[in-house]
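Listed here are the chains, written in short residue letters.
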Amino acid sequence: MFMPLQRILGRALFVLFLALNLTTFASANPQNPTAKAGKYAVELRIPEGGIYAEETIDIEFRLTDTTDNDPVLGAAGVIRATALATITMPAMPGMPSQKPKIHSEGVPGDYGIECYFPHGGEYKVDLTLTVPGDPKPFNVMFKVSVNDAEALKNRKPRPKPYYVEQVDAPNAKAGEPTPLKLVIRETKTKALVKQFDEAHTKLFHLIIVSRDLGWFAHEHPEAQEEGVFTTSVTFPAGGEYRLFADVAPKGAGSQVLGTSLKVKGSAPTWDTNLKPTPTTLEIEGVKATFLPQEKSLPIGKTTALTFRLSDVGTGKPVTDLEPYLGAYGHLMIIHQDGQTFVHSHPMEDEAGVAQSKSGSVTFNSRFPKPGIYKAWGQFQRSGKVITTPFVLEVKGVTK
């Protein structure tokens, strides 16, 4: 029985259409990495133009069976595979992992990972795949480079997947306890987020700074019913304050979400002129020296920042640091614009812990753009938290 000519032509055109589209997509970025596991190959497709922090983005991958190879279309795409993904950032230990949703695309064998990257830098994408008829799952890993949000040009940034909202915005007055009620909502649906992953022993880290960066607080609102978090803050002076909610909605990874609050009252008594400070200070019986790894701090590149701590009385290194919120140090860095925020922790492997216990605590940090930044290092000693503030100017050459 012969196939009608119309059907033959239709099938040929369909095959040609698929071939052209697959070829075009695959060749759009020659840097697409490919990983192999047995007879299967996985190609991660980096979006043309790159990946940028602080926006939701789909990253596609193609799963093929290399033993089923068509001379025109290449290896056959594997359909109905079960795929699980975990995204981590090795340079930022302690940051909750992301377990994004994965969906099938329109082309057999193509899948999409719904990603969000809170900071620029290098991330690790681990995929666990199970193919129908082959019950044993296999794993592949990719490293992806993410550009800083500030590097985005010629298009508006996509919205963040979540935002923080102040419930019953308070009539805040300086010198008086101000109750804060905060919730996290999904940007698309406005739905209230009720489940969170823990990050360094807490569900919610709230960083509060005055707009001039002269005043700082690190609070931990308590979870109430229906996804509401509450705390009370006494603001020292009138003016605008920036609130940064550092949270991890269940499976979504770390999110840093900002909002503002106006406080009534007299003007600050502290120096509101933000300018670079000496690299050594003494506070709470500790001498802290701020030591960047690179003389000229780079822009758009992960770099090491070290705090060398010694006892003011003895001059010897501080060797009795205690874990604070599950880490031997916390570092918060905020740009003078009051928008750009980085929360970092020291390495938690054996070498990193040993270094921290010797009085030298190193953080991996990143400066997305030039300007003046204020950095607060926090350490615990004898049950007391010590906060060491430094102001630095970043002029470095973009990577």
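Numbering of residues starts from 1 in each chain and follows the order in which that chain's sequence is written. Selection of residues for local features in this predicted model requires a pLDDT of at least 70, selection of side-chain atom pairs for listing and counting requires 80 or more, and totals for whole chains, interfaces and linings are taken over all residues. No hydrogens and no water enter the side-chain calculation; it runs on all heavy atoms of the structure.

Some details on the environment of Ala245
Here is step 1: For helices the rule is a DSSP run of H or I covering at least 4 residues; for strands it is a run of E covering at least 2, with both sets numbered from the N terminus onward. Following the sequence through the fold, Ala245 ends up in strand 16 (residues 239-247).
Here is step 2: Whether a residue is buried, partly exposed or exposed follows from its accessible area with a 1.4 Å probe, protein chains only, as a fraction of its type maximum: under 20%, in between, or over 50%, in that order. We classify Ala245 as buried; its relative accessible area is 1%.
Here is step 3: We call two residues contacting when some pair of their heavy atoms lies within 4.5 Å. Excluding residues that lie within four positions of it along the chain, Ala245 makes contacts with Val164, Ile184, Phe204, His205, Leu206, Gln255, Val256 and Leu257.

Some thoughts on the pairing of strand 18 (residues 280-283)
Here is step 1: DSSP bridges decide pairing: two strands pair if at least two such bridges lie between them. With four bridges connecting them, strand 18 and strand 19 (residues 286-292) associate as antiparallel partners. Bridge pairing in strand 19 places Thr280 opposite Thr289.
Here is step 2: Between the antiparallel neighbours strand 18 and strand 19 lie two residues, among them Glu284 with a positive phi of about 55°.

A short note on the nonpolar core
Here is step 1: We define a nonpolar core as any set of buried Ala, Val, Leu, Ile, Met, Phe, Trp, Tyr and Cys residues linked to one another through side-chain atoms lying within 4.5 Å. Leu63, Phe117 and Leu127 are the most contacted members of the largest nonpolar core, which has 59 residues in total.
Here is step 2: Judged by nonpolar contacts, the second largest core, of 25 residues, contains Tyr162, Val233, Phe235 and Leu261.

Details of the pairing of strand 23 (residues 341-344)
Two faces make up the sheet, and in a regular strand the side chains alternate between them.
Here is step 1: Neither face of strand 23 is left uncovered, since the one carrying Phe341 and His343 and the one carrying Val342 and Ser344 both have all their residues buried.
Here is step 2: When strand 22 (residues 330-335) meets strand 23, the two strands line up antiparallel, connected through four bridges. When the sheet's bridge partners are listed, Ile334 is paired in strand 23 with Phe341.
Here is step 3: Counting the residues between successive antiparallel strands, the hairpin from strand 22 to strand 23 contains five residues, one of them, Gly338, with a positive phi of roughly 75°.

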